[in-house]
Amino acid sequence: MNNYIKSERKMTSVEISEITGKNHKDVLESIRGMEDSWVKAGGNKFEYTSYIDNRNREKPCYSLTKTECLYVAT
């Protein structure tokens, strides 16, 4: 019997913006706009984190599970 929890892969809002060709700030705005509905539907708040941009600045982003990504996409 396996005694470990399989970790779920995640995708950041930065990766979503790169894949979709949209500005990251617009992706962040969309995710923020959907978070309350997601929580009301029984989900947890989206994981808010940060990344280092190409100018070595810390910038905000979200880290979403596959299910959360699908929710945001729809």
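Our subject is the structure listed above.
Let me begin by describing the structure that accompanies this report. Fair warning: this is a prediction, and the values are worked out from it, not measured in the lab.

## A look at helix H1 (residues 13–20)
Then, number 1: All of the buried residues along H1 are Ser 13, Val 14, Ile 16 and Ser 17. End-on, the buried residues of H1 take up no more than an arc of 160°, which puts them together on one face. Seen from the buried face of H1, the exposed residues on the opposite side, beyond 90 degrees, are Glu 18 and Ile 19.
Then, number 2: Tucked inside the fold, the buried residues of H1 contact strand E1 (10–12), helix H2 (24–40), strand E2 (47–52), strand E3 (58–65) and helix H3 (66–73).
Then, number 3: Within two residues after H1, Gly 21 carries a phi angle of roughly 75°, on the positive side.

## Remarks on the nonpolar core
Then, number 1: Ile 16, Val 27, Leu 28, Ile 31, Trp 38, Phe 46, Tyr 62, Leu 64, Cys 69 and Val 72 together form the largest nonpolar core, which totals ten residues.
Then, number 2: For this core, the element with the highest residue contribution is H2, accounting for four residues.
Then, number 3: Beyond its immediate stretch of four places on either side in the chain, Trp 38 contacts Gly 43, Asn 44, Phe 46, Thr 67, Glu 68 and Tyr 71.

## Brief notes about unusual backbone geometry
Then, number 1: Even without being a glycine, Asn 56 presents a positive backbone phi close to 65°.
Then, number 2: Mapped onto the elements, Asn 56 comes out in the loop between E2 and E3.

Calculation criteria
Residues numbered from 1 in each chain as written. Predicted model: local features only at pLDDT ≥ 70, side-chain atom pairs only at ≥ 80, totals over all residues. Heavy atoms only, no water. Buried < 20%, exposed > 50% of the residue type's maximum accessible area, 1.4 Å probe, protein only. Helix = DSSP H or I, 4+ residues; strand = E, 2+ residues; numbered from the N terminus. Arc of directions from axis to C-beta. Contact = heavy atoms within 4.5 Å. Core = buried A, V, L, I, M, F, W, Y, C linked by side-chain atoms within 4.5 Å.

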